[in-house]
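Here is what each chain is made of, one letter per residue.
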Amino acid sequence: MDVLNELVAWFADPGQWSGPGGIPARTAEHVQYSLLGLLVAALIAIPVGLVTGHTGVGGFTTASLANFARALPTIGVLFLIVLAAGIGLVPVVIALVALAVPPILVNTHEGVRQVDPALKDAALGMGMRGPQVLLRLELPVAVPLVINGLRTAAVQVVATATIAAYVGVGGLGRYIVDGQARQDLTMMLGGSVLVVLLAVVTTLLFAGLSRLLVAPGLRSLAASAR
Amino acid sequence: MNAVWDWASGVVDWAVANWSHPGDDERGVWPRLVEHARLAYVSILIGLALALPLGLACVRWTRLYPPVLTGVNVLYAVPSIALFFLMLPYTGFSDWTAIVPLALYTLVILLPNVVDGLRQVPEHVRQAAVAMGFGPLRRLITVETPVALPVIIAGLRVASVATISMVSVASLVGLGGLGQLILSEGFRRQFDAPIVVGIVLTVLLAFATDALLVLAQRLLTPWARSGGRRGRRHRAAVPAGEATDADAGTDPTQTADSGNGARPWTS
């Protein structure tokens, strides 16, 4: 329980809560990288997923990409991109984007693919054209899966942004890296606890988001799917 | 094109030259690959050993399932890198620091598949076994588990690929098999060849394990191969994301979660 007491003392230290190396500043950095990475990834993956899901083109490629990406070691991807592009914020964000695209893309693709064909027939029967079917029927129905993909990607991005401290940027990973360098176990554990909290908050945020965005008629479906 | 070729052959040369150092088990690519496979396989097996009894309990006492599933999912939201560090005060730098979190992460995939697999055993099959005088234990081992096997193996495939790729993160606490190659040989020395070799071997190990599980399923469920139409549809272990329209919804052994690529990703 010694570890626990030291951890509490570490969090209670007012010096932790101010300045450029303080917990608020580090958390803000972490959130900033993660948000940037996730946003860029979503801007790439969601439109592509919608189009491939709607047209059915590239389904095999998407599936293969998903399997391949699942097998990729995240730290390998991060370190390779940083080594190729240099140290700094941009390579880190590129790596985060590369890791966040596959789950979002696959979930969007699958979400659109899995829309009941009877619904699509009904939409066409009502006189909707292709793009209308996509935006007014398939997208709303796919929202639960899309958000699921976004959540998965977000948690992954938050976790990987931690490792980004190894390549010399800020964020909560700094506590872990600096703690390791100083042989300061409490600092390492404090950083880990903060990352856990951030990941849990992220998960809750997306749970709230799906409550907000999923059409009421789909909610029972979404609940049973998860 | 030539530059790419030179670069690739340079990477291969490095891997060959550093494959193993006789007399020094700590260095080289091969020992790292073995360590990686050991950490991943032990974690997956422990996860399976936990998921089977837990899944049975959840099928037997249905009210147990929602809270257990929620608990496993909450645990899954914890990033692996944080969990590895949080293990340090308890397990130090032993293999358990990597194995305990990895085994717990597999539960989020394995547990629902075990439960769904067992629940999908048709009632008439169960009743036939009862009528033949099978007791609960014998029925479980000789009838229900084999029928549930395709779904369980489908979960194992997703879990093993995810686990194998996650082992690398444990290199940050000094474990991590091929991750060590990526971190200490590659990144700390600003040298790309070990990183590429580490990534490629991790992916190859994941795909080889996946292929082994497919083979295991074919050997363990011979009835699924013979017998035409139904048999074909029983080949449930389509890797996540490869489910075609035809078997995504209709296959009785395919859970919605195991085949549609919408599985949670591991970090």
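Residues numbered from 1 in each chain as written. Chains lettered and ligands numbered in written order. Predicted model: local features only at pLDDT ≥ 70, side-chain atom pairs only at ≥ 80, totals over all residues.

1. Let's talk about helix α4 (residues 80-91) of chain B
No. 1: Counted at 1.5 Å a residue, the expected span for α4 of chain B with its 12 residues is 16 Å, and the 15 Å between its end C-alpha atoms agrees.
No. 2: Phi for Gly92 of chain B, located one or two positions after α4 of chain B, is positive at around 60°. (Helix = DSSP H or I, 4+ residues; strand = E, 2+ residues; numbered from the N terminus. Expected span 1.5 Å × (residues − 1).)

2. Concerning the UniProt feature "domain: ABC transmembrane type-1" (unreviewed entry) in chain A
No. 1: The residues that UniProt annotates with the feature "domain: ABC transmembrane type-1" (unreviewed entry) are residues 27-206 of chain A.
No. 2: Overall, residues 27-206 of chain A shows 85% helix and 0% strand. The separation of its end C-alpha atoms is 18 Å. (UniProt positions renumbered as here; feature names shortened; annotations may be inferred.)

3. Considering unusual backbone geometry
No. 1: Even without being a glycine, Gln183 of chain A presents a positive backbone phi close to 55°.
No. 2: As for its placement among the helices and strands, Gln183 of chain A is situated in the loop between α8 (173-181) and α9 (185-213).
No. 3: Even without glycine at this site, Gln190 of chain B takes up a positive phi of about 55°.
No. 4: On the basis of neighbour counts, which here come to 9 C-beta atoms within 10 Å, the residue Gln190 of chain B falls in the exposed class. (Buried ≥ 20, exposed ≤ 12 C-beta atoms within 10 Å, placed from the backbone.)

4. Considering the environment of Asn5 of chain A
Residues and elements named next belong to chain A.
No. 1: You can see Asn5 is positioned in helix α1 (residues 2-12).
No. 2: Overall, Asn5 belongs to the exposed group, with 10 C-beta atoms counted inside 10 Å.
No. 3: For the pair Asn5 and Pro102, spaced 97 residues apart in sequence, the C-alpha separation works out to 41 Å.

5. Description of the confidence of the model for chain B
Residues and elements named next belong to chain B.
No. 1: Residues at a pLDDT of 70 or more form 84% of chain B, whose mean pLDDT is 82.
No. 2: When the elements of chain B are averaged for pLDDT, helix α11 (residues 245-250) gives the smallest value, 35, and helix α2 (residues 29-60) the largest, 94.
No. 3: Reported confidences for the modelled complex are a pTM of 0.81 and an ipTM of 0.80. (pLDDT = per-residue confidence, 0-100.)

6. A closer look at the UniProt feature "transmembrane region" (unreviewed entry) in chain A
All names here are of chain A.
No. 1: If you check UniProt for "transmembrane region" (unreviewed entry), the listed places come out as residues 33-53, 74-101, 153-177 and 189-209 in our numbering.
No. 2: End C-alpha to end C-alpha, residues 33-53 measures 29 Å, and it is 100% helix and 0% strand.
No. 3: End-to-end, the C-alpha atoms of residues 153-177 are 23 Å apart, and along that stretch the chain is 64% helix and 0% strand.

7. Some words on the interface of chain B and chain A
It is common to give the size of an interface as the accessible area lost on bringing the parts into contact.
No. 1: On the chain A side, the residues contacting the 43 residues of chain B number 41 residues.
No. 2: When residues of the side of chain B that touches chain A are traced back to their parent elements, those giving at least two are α4, α7 (136-166), α8 (178-187) and α9 (192-220) of chain B.
No. 3: Counting residues per element, the side of chain B that touches chain A draws most heavily on α9 of chain B, which supplies nine residues.
No. 4: Partitioning the side of chain B that touches chain A into residue classes produces 28 nonpolar, 13 polar and two charged. (Contact = placed C-beta atoms within 7 Å. Nonpolar A, V, L, I, M, F, W, Y, C, P; charged D, E, K, R; others polar.)

8. Structural notes on the UniProt feature "transmembrane region" (unreviewed entry) in chain B
Residue and element names in this part refer to chain B.
No. 1: Annotation from UniProt places "transmembrane region" (unreviewed entry) at residues 39-59, 71-90, 96-115, 147-175 and 195-216.
No. 2: From the first C-alpha to the last, residues 39-59 spans 30 Å; its make-up is 100% helix and 0% strand.
No. 3: Measuring from the first to the last C-alpha atom of residues 195-216 gives 31 Å, for a span that is 100% helix and 0% strand.

9. A look at the packing of helix α7 (residues 130-163) of chain A against α9 of chain A
Residue and element names in this part refer to chain A.
No. 1: Where α7 meets α9, the axes come as close as 10 Å, and the angle between the chain directions of the two elements is 165°. Classified by the angle between their axes, α7 and α9 sit roughly antiparallel to one another. α9 is crossed by α7, and the crossing has right-handed handedness. Seen from α7, the contacting residues are Val143, Pro144, Ile147, Leu150, Arg151, Ala154, Val155, Val158, Ala159 and Thr162; seen from α9, they are Val195, Leu198, Ala199, Thr202, Thr203, Phe206, Leu209, Ser210 and Leu213. (Axes fitted to C-alpha atoms, helices over the stretch in contact; angles between N-to-C directions. Parallel < 35°, antiparallel > 145°, perpendicular 65-115°, else oblique. Left-handed = near helix turned anticlockwise from the far one by under 90°.)

10. A look at the UniProt feature "domain: ABC transmembrane type-1" (unreviewed entry) in chain B
No. 1: Within this numbering scheme, the UniProt entry marks residues 33-213 of chain B as carrying the feature "domain: ABC transmembrane type-1" (unreviewed entry).
No. 2: Along residues 33-213 of chain B, the helical share is 82% and the strand share 0%, with 19 Å between the first and last C-alpha atoms.

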